[in-house]
Amino acid sequence: MAPTLPSDGCSYQLSHEPDAHETLDHDVLARIHFGTHLSTAQDPREVNIALPQTGGAPVAEVWRSRRPVEHGWSDGFGYAHDGEVLFGHLRLEEGELTDLVRATAHAYLRIDLLLRRLGYPCWLRMWNFLGHINHGEGDAERYRQFSQGRHDALARQPGFEGRLPAATAIGTQEGGMTVYFLAARDPGAQIENPRQVSAFRYPPTYGPKSPSFSRACLKRWADCSHLFVSGTASVVGHRTLHPGDLLAQLDETHRNVEALLGEASAFEPAAGPFRAAALKVYIRPGHEDPALLPRVRQLFGDQVPLLCLVGDICRRDLLLEIEGLFTATAHSASAQAAA
Ligand code: 3EB
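Residues numbered from 1 in each chain as written. Predicted model: local features only at pLDDT ≥ 70, side-chain atom pairs only at ≥ 80, totals over all residues. Heavy atoms only, no water.

**Let's talk about the sheet that holds strand β13 (residues 225–232)**
With mixed pairing, six strands are arranged side by side in an open sheet as β11-β12-β13-β19-β16-β17. Single-partner strands in this sheet number two, and they are β11 (189–191) and β17 (306–310). Going across the sheet, the axis of each strand differs from the next one's by a mean of 15°, ignoring polarity. Examined bridge by bridge, strand β16 (residues 275–283) and β17 share five bridges and lie parallel to one another. If you follow Y282 over to β17, its bridge partner there is L309. (Pairing = 2+ DSSP bridges. Helix = DSSP H or I, 4+ residues; strand = E, 2+ residues; numbered from the N terminus. Axes fitted to C-alpha atoms, helices over the stretch in contact; angles between N-to-C directions.)

Shown next as structure tokens:
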């Protein structure tokens, strides 16, 4: 049962669909299930993330394409691609993470090899889910070790700080690491946030190697533009604002997302206004609050598809993080009008 895609011109799209486990349709690039009691799947397009959902009936994140989709397994990766965009994922069990820095670097180098081999060398968007992300003190914290390994891999490419993908890094209660990602044949543009120090320039107080991600990645396709907004939190400059205050962190996060949207529009004015196609909200365990989702809807719009997940945010004083896919289609409309 393929739901009809709204005709916003994009050749592939993200939707939130009631979580189901029936066989995937041909047009699916990926289906990501979120929850703690998930069954293992054989289809390389299926991904399980061990984060409980909150705030509604469980949904899956489903990426569908209008173009023919090819899929398979390679070097332990499940992947699918449609000639324009590639989706892939990798799972490492806890036993493979005894040296987390090296394991992360190795995983990221393998991703790079996979993407080159399949002909989609341009990283757009990374999602990283790591067990016990806040365990360990100081620079031995698992998030910081992950960051170091990711940096070690990405920094091998000259000029890497100008081509960083958008990203999310969230902690799970189960061990191990799952990474899933989108990549393209041609690069997107890296967008930074004028309210925030770029994460790759954070001072060493946040870890020996700065987190290698961009605040957003803007990808222009034939008929639409996608803005992949990284996990965004209540960080201004490089500092956490409003520690301990979930709703104030939400308002600050919203200001950060607005600033980023402004930056993206200034970068590509012809794209037209960006609208939120889907958002994910991550809440630190123990900080769920019934006032949160109504406020999210008030800030980001009533109709926005929302997926709410309970997981550890990588900085200990952050209680919440929001990521999203934003779409703009004006440039294709004006291009058609001009034709
Ligand atoms: C921040 O602004 C919050 O390490 O990949 C957000 C999104 C954060 C991605 C990552 C970290 C990452 O620093 C934390």
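Next, the rest of the story.
**Side note on the packing of aromatic side chains**
Following the criterion strictly, the structure yields twelve aromatic pairs and no others. Every member of this aromatic cluster is reached through a ring pair, and the members are Y12, W63, F87, W127, F129, Y180, W221 and Y282. The ring of Y120 has R185 sitting right over it, with the charged end atom 4.2 Å from the ring centre. (Phe/Tyr/Trp six-rings, centres within 6.5 Å; stacked < 30°, edge-to-face > 60°. Lys NZ or Arg CZ within 6 Å of the ring centre and 35° of its normal.)

**Things to note about the nonpolar core**
Core analysis: the largest hydrophobic core is formed by 73 residues, its most contacted members being I32, W63, Y108, I111, Y180, F181 and F228. Element by element, the count of residues in this core is highest for helix α1 (residues 100–118), at eight residues. With sequence-adjacent residues up to four places away left out, Y108 is seen in contact with W123, M126, N128, F146, R150, A153, L154 and V179. Formed by 30 residues, the second largest nonpolar core is a distinct cluster that contains L261, A276, L292 and V296. (Core = buried A, V, L, I, M, F, W, Y, C linked by side-chain atoms within 4.5 Å. Buried < 20%, exposed > 50% of the residue type's maximum accessible area, 1.4 Å probe, protein only. Contact = heavy atoms within 4.5 Å.)

**Here's the deal with the side chain of N134**
By secondary structure assignment, the location of N134 is in the loop between β8 (122–131) and α2 (142–154). Within the structure, the side chain of N134 is placed 3.1 Å from the side chain of E141, a separation counted as a polar contact. (Polar contact = N/O pair within 3.5 Å; in protein donor to acceptor, adjacent residues only side chain to side chain.)

**Considerations on the pattern of salt bridges**
The full count for this structure, using the stated rule, is 23 salt bridges. For R64, the salt bridge identified is with D27, shortest N-O distance 2.7 Å. Taken as a pair, R64 in strand β4 (residues 59–65) and D27 in the loop between β1 (12–18) and β2 (28–34) lie far apart in primary sequence, 37 residues in all. When salt bridges that share partners are traced, they join E137, D139, E141, R144 and R316 into one network. (Salt bridge = Lys/Arg side-chain N within 4 Å of Asp/Glu carboxyl O.)

**Describing the sheet that holds strand β9 (residues 166–172)**
With mixed pairing, the seven strands of this open sheet are ordered in space as β5-β6-β7-β10-β8-β9-β18. Sheet topology places β5 (70–74) and β18 (312–313) at the edges, where each strand pairs with a single neighbour. Examined bridge by bridge, β9 and β18 share two bridges and lie antiparallel to one another. By the bridge assignment, I170 is partnered in β18 with I313. Along the sheet, α1 contacts β5, β6 (77–81), β7 (85–92), β8 and β10 (177–184); its crossing angle with β8, the most-contacted strand, is approximately 145°. Of the strands in this sheet, β8, β9 and β10 are in contact with α2, which crosses β8 at around 155°.

**Observations regarding the packing of α1 against α2**
Contact pair α1 / α2: the axes reach a minimum separation of 7 Å and the direction vectors enclose 40°. One element, α1, and the other, α2, form an angle in the oblique class. Judged by the sense of rotation from one axis to the other, the crossing of α1 with α2 is right-handed. Note on element contacts: α2 touches α1 through R142, Q145, F146, Q148, G149, R150, D152, A153 and L154, opposite L100, V101, T104, A105, Y108 and L109. (Parallel < 35°, antiparallel > 145°, perpendicular 65-115°, else oblique. Left-handed = near helix turned anticlockwise from the far one by under 90°.)

**Here's the deal with the pairing of β13**
Of all eight residues making up β13, eight are buried, and the element is well covered by its neighbours. Relative to β13, strand β12 (residues 216–220) runs antiparallel, the two being bridged by five bridges. Bridge pairing links C217 to F228 in β13. What sits between the antiparallel neighbours β12 and β13 is a turn of four residues. Looking at chain direction, β13 and strand β19 (residues 320–328) are connected through six bridges and run antiparallel. Its bridge partner lying in β19, T232 is registered against I322.

**Considering the site of the ligand**
Near the ligand, the surroundings consist of 14 residues, among which Y143, R150, Y202, R215 and G231 are the closest. Contacts to the ligand include R150, whose side-chain N or O atom sits 2.7 Å from an oxygen atom. For the ligand, whose free accessible area comes to 360 Å², the fraction covered by protein is 99%. When residues of the shell around the ligand are traced back to their parent elements, those giving at least two are α2 and β9. When its residues are assigned to classes, the shell around the ligand shows nine nonpolar, two polar and three charged. (Near = heavy atom within 4 Å. Areas by Shrake-Rupley, 256 points an atom, 1.4 Å probe, with all protein chains shown as cover. Nonpolar A, V, L, I, M, F, W, Y, C, P; charged D, E, K, R; others polar.)

**Some remarks on the environment of L318**
In this structure, L318 sits in the loop between β18 and β19. The buried category is assigned to L318, whose relative accessible area is 4%.

**Points about the confidence of the model for the protein chain**
Of all residues in the protein chain, 95% have pLDDT values of 70 or greater, and the mean over the chain is 94. Note that pLDDT drops below 50 for residues 332–339; the model gives that stretch one contact with residues more than four away or on any other chain. (pLDDT = per-residue confidence, 0-100.)

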